[in-house]
Amino acid sequence: MAATTAVPRTARPKGRAATTRRVATEGRERALWREWARSLDRPLTSYYLILGTGVLLIALGLVMVLSSTMVDSIAETGSAFSMFQKQLVSAVVGLPLMLLASHMPQRLFRLVGYPAMIVSAALLLLTVFQGVEINGATRWLDVGGLLVQPSEPAKLAFALWGANILARKDELRELTEWRHLLIPLLPGCGLLVLLVMLGSNLSTALVFLVTFLGLLWVVGAPGKLFVAMFGLVLGLAVIAIAIEPYRMARVTSFLDPGADPLGSGMQSLHGLYALGTGGVLGVGIGASREKWGFLPFAESDFVFAIIGEEFGLLGTLLVLALFGVLGYAGLRVAFRVKEPFPRLAAFAIVTWIMGQAMINVGAVIGLLPVTGVPLPLVSYGGSSLISTMVALGVLLALAKTEPQAQKALGARGPSRAQRALSWLGLENAAASANNRGAVPSRRATTARDPRTTGPRGGGTTAKHRSGPVPSGDRPRRNRRR
């Protein structure tokens with residue numbers, strides 16, 4: 001029987017195998033990263049990011065309004081769903097308005113700016129004399145039994161009006177002087193701020209001023225002018241706080257909430273209690289303790305605290321991430337569009353929404369004094385929800401004006417809205433509005449017949465009705481002298 005000799009295999013070094021696995025893992029990670037980065041370069045990425053984050057924030061807001069208002073609704077009406085039903089109706093009203101705004105041409109937004117600004121100023125003036133006072137502030141108008149807050153749609157009106165003013169001056173090359181940067185933008189903003197301040201609404205006045213500063217920044221105002229305007233805004237805020245005792249009490253409680261735990265510091269302290277009680281994962285949806293009469297205005301001003309209590313740290317980080325993605329998508333639209341108006345309008349709307357969100361969150365976590373600013377799309381309030389949803393619709397419409405998005409939408413053919421307009425016989429009006437909103441080319445390009453190349457020295461040949469004409473037979477005016 002023949003003996004077999006086993007040939008020993010050469011053992012692969014362990015370090016080499018680990019290196020191979022690590023290289024393969026890094027290659028897969030780089031491939032996933034490149035795929036994710038490539039997905040952001042798609043033509044309609046901004047559109048779908050705005051739509052997706054907006055819908056998620058609205059849905060989260062409805063859930064949190066239901067959770068935070070059940071106790072108060074039962075105490076006031078006997079039904080746990082009374083306040084939630086009002087918020088749901090506002091969302092149902094705002095959804096078609098948002099979709100309608102998303103299909104409008106940008107020229108319409110430019111035309112709407114002036115009348116919307118006039119109507120907003122008139123309604124705010126009417127609120128000063130005929131408004132309903134609630135908790136020491138006159139912010140609401142009674143319209144057929146419904147309380148409407150005119151300052152909310154005025155935010156969108158100011159954003160569109162201010163963007164149109166600066167865009168028109170930019171098209172006329174008039175933004176080289178500081179007077180054209182401030183007039184009439186500064187007087188218009190000052191008028192709205194004065195009217196809302198007469199109703200003791202400092203928080204909304206701050207939102208107007210932040211939007212004003214955002215427009216100055218994006219239009220490229222000189223550094224000295226921007227610093228001067230920022231100092232003016234800060235000085236006005238200090239004066240407004242100093243002349244009202246309850247505002248000074250809010251600042252004092254912000255610096256030391258424990259000094260008056262049952263008075264001015266109660267809201268700040270219980271907001272922090274709610275965030276601390278939630279921990280990392282939260283106590284569970286609907287299980288908040290602070291909403292049982294301990295945290296005032298839990299459904300509006302401090303809904304972020306209830307989110308932190310019921311969903312924990314992860315829930316608050318998710319909300320911040322959604323607002324971050326929404327802000328990124330809005331800025332993406334502002335930096336990708338070519339014309340001045342969509343750039344300015346997108347930036348103004350993003351500044352309004354993100355600035356208001358940061359003020360609300362900063363007040364809840366103790367970084368800013370309590371101002372009474374609602375969290376956009378999440379807090380309870382029909383006027384705020386509908387106005388912000390319409391602003392999202394405007395952002396969606398502006399996202400379609402990105403160059404690559406226009407090409408992608410043109411390749412798809414007519415949309416459902418365009419087909420609906422064609423059924424009504426209005427497709428020509430919509431097309432003309434879109435054409436007027438577009439910037440025409442400076443020179444028209446016409447198709448030319450290709451030139452035939454001849455031998456060197458003879459040059460090219462010119463086209464003639466009967467065929468090509470040799471270069472030597474051309475008229476003398478075409479020859480180089």
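Preceding this section is the structure that the text describes.
Residues numbered from 1 in each chain as written. Predicted model: local features only at pLDDT ≥ 70, side-chain atom pairs only at ≥ 80, totals over all residues. Heavy atoms only, no water.

### Observations concerning the nonpolar core
Core analysis: the largest hydrophobic core is formed by 95 residues, its most contacted members being Phe158, Phe212 and Ile349. Examining the composition of this core, we find that 14 residues originate from one element, helix H13 (residues 340-364), more than from any other. Those residues within four positions of Phe158 in sequence are excluded, and the remaining contacts are Met117, Leu185, Cys189, Leu192, Phe208, Thr211 and Phe212. (Core = buried A, V, L, I, M, F, W, Y, C linked by side-chain atoms within 4.5 Å. Buried < 20%, exposed > 50% of the residue type's maximum accessible area, 1.4 Å probe, protein only. Helix = DSSP H or I, 4+ residues; strand = E, 2+ residues; numbered from the N terminus. Contact = heavy atoms within 4.5 Å.)

### Looking at helix H8 (residues 202-218)
The end-to-end C-alpha distance of H8 is 25 Å, a good match for the 24 Å that 17 residues give at a rise of 1.5 Å each. Of all the 17 residues making up H8, 14 are buried; the element is thus mostly covered by neighbouring parts of the structure. The first or second residue beyond H8 is Gly220, which carries a positive phi of 90°. (Expected span 1.5 Å × (residues − 1).)

### Quick notes on empty space enclosed by the protein
A complete count under the given rule lists two cavities of 30 Å³ or more for this structure. The space that makes up the largest cavity amounts to roughly 70 Å³. Elements that contribute at least two residues to the lining of the largest cavity include exactly helix H4 (106-130), strand S2 (137-143) and helix H7 (185-198). Considering every element that reaches the lining of the largest cavity, the biggest residue donor is H4, with three residues. Looking at side-chain class alone, the lining of the largest cavity contains five nonpolar, five polar and one charged residues. Approximately 30 Å³ is the volume found for the second largest cavity. Along its surface, the second largest cavity is lined by Asp301, Phe302, Asn360, Ala363, Val370, Thr371, Gly372 and Val373. Across the lining of the second largest cavity, the residue classes break down as four nonpolar, three polar and one charged. (1 Å grid on protein atoms, 1.4 Å probe; cavity = no way out; pocket = protein on both sides within 12 Å on 5 of 7 lines; lining within 4 Å. Points joined across faces, edges and corners; volume = space filled by probe spheres on them. Nonpolar A, V, L, I, M, F, W, Y, C, P; charged D, E, K, R; others polar.)

### Observations concerning the packing of aromatic side chains
Inspection of the entire model under this criterion finds four aromatic pairs. Ring centres of Tyr47 and Tyr48 lie 5.4 Å apart, and the angle between their planes is 90°; on these two criteria the pair is classed as edge-to-face. Given a relative accessible area of 45%, Tyr48 falls into the partly exposed group. On the numbers, 6.1 Å between centres and 90° between planes, the contact of Phe158 with Phe208 is edge-to-face. (Phe/Tyr/Trp six-rings, centres within 6.5 Å; stacked < 30°, edge-to-face > 60°.)

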